[in-house]
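Overview (structure and organization)
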Amino acid sequence: MSLKGGYQALACTGLFAALGGFMPAPAVGSTPDPLEPTGQWMEKSFGSAALPPMGWNSWNAFHTQIDEAKLIGSAQAIVDSGLRDLGYRYINIDDGWWQKRRQPDGRMVVRTSIFPSATGAGPEETSLRPLVDRLHSMQLKAGIYSDIGRNACSQGYPSPDSLLPTGTVAEREVGLYDHLAQDLTLYFQEWGFDYIKVDGCGLNAFSADKPAVKAGQFRAFPALVVSDSINQTRVADIRNLYGRLRDELMRVRPMGDFVFSICNWGTANVRAWGRDYGNLWRTSDDIEPRWARMLYNFDSVATRELYSGPGHWNDPDMLYVGQGEFDANHLTEARTHFALWSIVDAPLLIGYDLRQAPKALLEVLGAPEIVAVNQDPAGNQGVLAYTSDDLQIFVKQLAARDEKAVVIFNRGTEQVNAVLTAAHLKFRPGTTIQVRDLWRRRDLPAFTDEVTFALAPRESVTLRVKGQPLLADGMYLSEMPARLYVAADGIDALQADPQIHRPVNMGDGTTRGSGPRPALAGWGGARADSTPYNNELRLRGKAYTSGIGVLANSRLQVRADGQFNQFSAQVGMDDSSLEQRTKVRFEVYGDGRLLARSPALGAMDAPFDLDAKVAGVKTIELVAREMGKGSAPAVVAWGAAALRH
Ligand code: GAL
């Protein structure tokens, strides 16, 4: 559903209180200075998602028309086709499984007409344990679905055929709100689930002005999420609700054997905090089985490379391989969709009825060398080495220092001759580069300096390349996004990201209204090999093909783990900076100690060489501190920032 936006936020504390129980985020007394180095790696570690989760989810295939036979049928197909052994482990039930919340004790009741194995001694004595046990006996894992609010998405945005919870208003409150401990204990301890996806419709579809709420069908809940208005979305409140959930998960599963998927569709600036709250977080509204919509979902992660890493993944939504414009008649599109998800470390969750999958589609989902790109243990999201509206080149540093994965992607409607260069790969010019075509699973002729690929519209090429890194004795920071953590991004006022493709909205009669507008916050975030606003990194006319671009008043952490000896960068205010009058000082810390510092640098200053000895340092912190307060964002560059052994 793509109609979650456009609702009035009822943002007033008194009203929340009147609505019974919603507690807004507490006022913060003394907030720590975000630029102050902590001396410790700040990313929280929890859950079991060292690699992007892989599996199957019922939603894209069946919506609420899920049942046990369909689910087990797809699970069996995953086993029989060999997909399980390739890594597809999670079988996730989405919306539709619930009958009601039993009164007065609040225990959730399963809809046994579709999950007969959940039938217990009485009509309200149900359990999904038998189903979970069955999946576990197939060496699979089991996922369940809920909502962070009182009610779920199918209730807020029903289709004519939706299977909805039944009963009184209280019985139909199937979401986690007010039942966090009770439900998570049931799902994870009693039923034995391994994974939970937590939607957010309870926070945007049940405000007091909604007809169904006015009609008394649902209790009102303030619209904390206003999908098309980042400024009206109550970011801290939403973050806190998901934070409580994470803490509760750690209580019910103290060994950390869970996966927590946040589904708030890229709203509430989740880009910036998802990493500390969930194992994956949706970056956009729902995918649909059409090309233009896939582009929208993909774009919402394509420039977020510094915000994901092992344990914590950007989620552009589940796969649509198998349906619509990604079905067996559109294998070019299906392969491209799959390769793109792989190179940005997206979770690979199949959304297709596998009981009837043609071989050609199983071969897409089961392409072992494409899956291996996604599951590379280093967990570096692919970085844009070339970008335009029509053609993009993503390069992903693999765990082996001299190997990279590459996707060259023709987004447009015309054939393109794409030139892949040694510079895109950060390999040494004049040296031999070995290439393997990962779809065809065969080596291509080696090349030096550059090679050209002719790409049909919507076609992509996925490669593994091996060569001599430009930095023989170290790595550019932009080659190790998984080791970077954006502790402070310098953004003062959230802005919607204008780079994300805006397809015609199919949900509400196509071109009625004036069209979709940029809605997802994230414009101005830290970037690898780019400024935060998608310009080339440049200091006094000198361009840097490697480096980190970020706003001033930022702090980046780098997990060095004592593996490097030397940090170096050329720093300064980027030529593209909107702010030109203030100056910025650059500081490098090692485990909390100041190691090096630049003078205050302004727009007219030459790039400054900033070097620091980092032998034995575990956490490096890079602070860009603006001297005085500018009137526009100051863009800075850590040009050629690198760590050497
Ligand atoms: C949406 C969510 C979908 C699916 C659906 C269920 O909000 O993004 O992935 O879970 O709800 O109703």
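Overview of the structure. (Residues numbered from 1 in each chain as written. Predicted model: local features only at pLDDT ≥ 70, side-chain atom pairs only at ≥ 80, totals over all residues. Heavy atoms only, no water.)

In terms of regular secondary structure, the protein chain is built from 15 helices and 31 strands. Relative to a compact globule of 645 residues, whose C-alpha radius of gyration would be 26 Å, the protein chain shows 25 Å and is just as compact. Considered along the principal axes of its C-alpha atoms, the protein chain spans approximately 75 × 60 × 50 Å. Partitioning the contacts of the protein chain with sequence separation of at least 6, the portion at a separation of at least 24 is 74%. Carbon and sulfur atoms provide 50% of the accessible area of the protein chain, an area that totals close to 23,400 Å². With 67 positive and 73 negative side-chain charges, the protein chain shows a separation of 2 Å between the mean positions of the two kinds. (Helix = DSSP H or I, 4+ residues; strand = E, 2+ residues; numbered from the N terminus. Rg over C-alpha atoms; globule rule 2.2 N^0.38 Å. Contact = heavy atoms within 4.5 Å. Areas by Shrake-Rupley, 256 points an atom, 1.4 Å probe, with all protein chains shown as cover. Lys, Arg positive; Asp, Glu negative; His and termini not counted. Charge placed at Lys NZ, Arg CZ, Asp CG, Glu CD.)

What follows concerns the site of the ligand. D94, D95, K197, D199 and D286 are the nearest of the 16 residues found near the ligand. A distance of 2.8 Å separates an oxygen atom of the ligand from a polar atom in the side chain of D199. A distance of 3.0 Å is found between an oxygen atom of the ligand and a side-chain nitrogen or oxygen belonging to W265. Out of a free accessible area of 310 Å², the ligand has 100% covered by protein chains. Contributing elements (two or more residues each) for the shell around the ligand: α6 (153-156) and β6 (195-199). Of the residues in the shell around the ligand, the class split is eight nonpolar, one polar and seven charged. (Near = heavy atom within 4 Å. Polar contact = N/O pair within 3.5 Å; in protein donor to acceptor, adjacent residues only side chain to side chain. Nonpolar A, V, L, I, M, F, W, Y, C, P; charged D, E, K, R; others polar.)

What follows is about the pairing of strand β3 (residues 98-101). Here three bridges tie β3 to strand β4 (residues 108-110), and the two strands are oriented antiparallel to one another. Each bridged residue has a counterpart across the sheet, and for K100 the counterpart in β4 is V109. As consecutive antiparallel partners, β3 and β4 are separated by six residues, and within that stretch G106 has a phi angle of approximately 80°, a positive value. (Pairing = 2+ DSSP bridges.)

This brings us to the pattern of salt bridges. Two side chains carrying opposite charge are able to pair once their charged atoms lie near each other. Evaluated as defined, the whole model comprises 46 salt bridges. Across the salt bridge formed by E369 and R441, the nearest N and O atoms sit 3.9 Å from each other. Here the residue E369 occupies a position in helix α14 (residues 368-374), and R441 occupies one in the loop between β15 (432-437) and β16 (442-448), the gap between them amounting to 72 residues. Take E369: its relative accessible area is 19%, and that puts it in the buried class. With a shortest N-O distance of 3.0 Å, R401 and E479 are connected by a salt bridge. One end of the pair, R401, is in the loop between β12 (391-397) and β13 (403-410); the other, E479, is in the loop between β19 (474-476) and β20 (484-488), and 78 residues separate them in sequence. (Salt bridge = Lys/Arg side-chain N within 4 Å of Asp/Glu carboxyl O. Buried < 20%, exposed > 50% of the residue type's maximum accessible area, 1.4 Å probe, protein only.)

As a further point, take the packing of aromatic side chains. Going through the model one piece at a time under the given rule, you end up with 21 aromatic pairs. Here F298 and F394 contribute two aromatic rings whose centre-to-centre distance is 5.3 Å and whose plane-to-plane angle is 75°, an arrangement assigned as edge-to-face. In this pair, F298 sits in helix α11 (residues 291-302) while F394 sits in strand β12, placing the two residues 96 residues apart along the sequence. Each member of the pair F298 and F394 is classed as buried. Members of the aromatic cluster, joined through ring pairs, are W97, W98, Y145, Y187 and W191. When the ring centre of W41 is taken as origin, the NZ or CZ atom of R559, which lies over that ring, is 5.3 Å away. (Phe/Tyr/Trp six-rings, centres within 6.5 Å; stacked < 30°, edge-to-face > 60°. Lys NZ or Arg CZ within 6 Å of the ring centre and 35° of its normal.)

This next bit is on the state of the cysteines. Tallying each qualifying case throughout the model produces one disulfide. Shown here is the disulfide that connects C153 with C201, its sulfur atoms set 1.9 Å apart. Between C153 and C201 the disulfide shows an S-S torsion of about 90°. By sign, it is right-handed. Of the two residues, C153 sits in helix α6 while C201 sits in the loop between β6 and α8 (211-214), which places them 48 residues apart along the sequence. (Disulfide = S-S within 2.5 Å.)

So, on to the environment of V225. On the secondary structure map, V225 appears in the loop between α8 and α9 (235-252). Owing to a relative accessible area of 1%, V225 belongs among the buried residues under this scheme. Along the sequence, V225 and F567 sit 342 residues apart, while their C-alpha atoms lie 41 Å from each other. Ignoring sequence-local partners within four residues, the contact set of V225 consists of L203, N204, T233, I238, W265 and T267.

Spatial strand order, β9-β8-β7-β6-β5-β2-β1-β10: eight strands in an open sheet with parallel pairing. In this open sheet, the two edge strands, each paired with only one partner strand, are β9 (313-315) and β10 (348-350). Ignoring strand direction, the axes of neighbouring strands in this sheet form an average angle of 25°. One ladder, built from three bridges, connects strand β1 (residues 54-57) with β10; its direction is parallel. Looking at the pairing, M54 lines up with L348 of β10. (Axes fitted to C-alpha atoms, helices over the stretch in contact; angles between N-to-C directions.)

Here α11 is 12 residues long and its end C-alpha atoms lie 16 Å apart, about the 16 Å a rise of 1.5 Å per residue gives. Across the 12 residues that make up α11, a large majority, 11, are buried. Within α11, the full set of buried residues consists of W291, R293, M294, L295, Y296, N297, F298, D299, S300, V301 and A302. Those residues of α11 that are buried lie in contact with β9, α12 (331-343), β11 (383-387), β12 and β13. (Expected span 1.5 Å × (residues − 1).)

Let's shift gears to the pairing of β1. Going residue by residue along β1, you find M54 and W56 tucked away on one face and G55 and N57 tucked away on the opposite face as well. Bridging between β1 and strand β2 (residues 90-92) involves three bridges; their strand directions are parallel. By the bridge assignment for β2, N57 is matched with N92.

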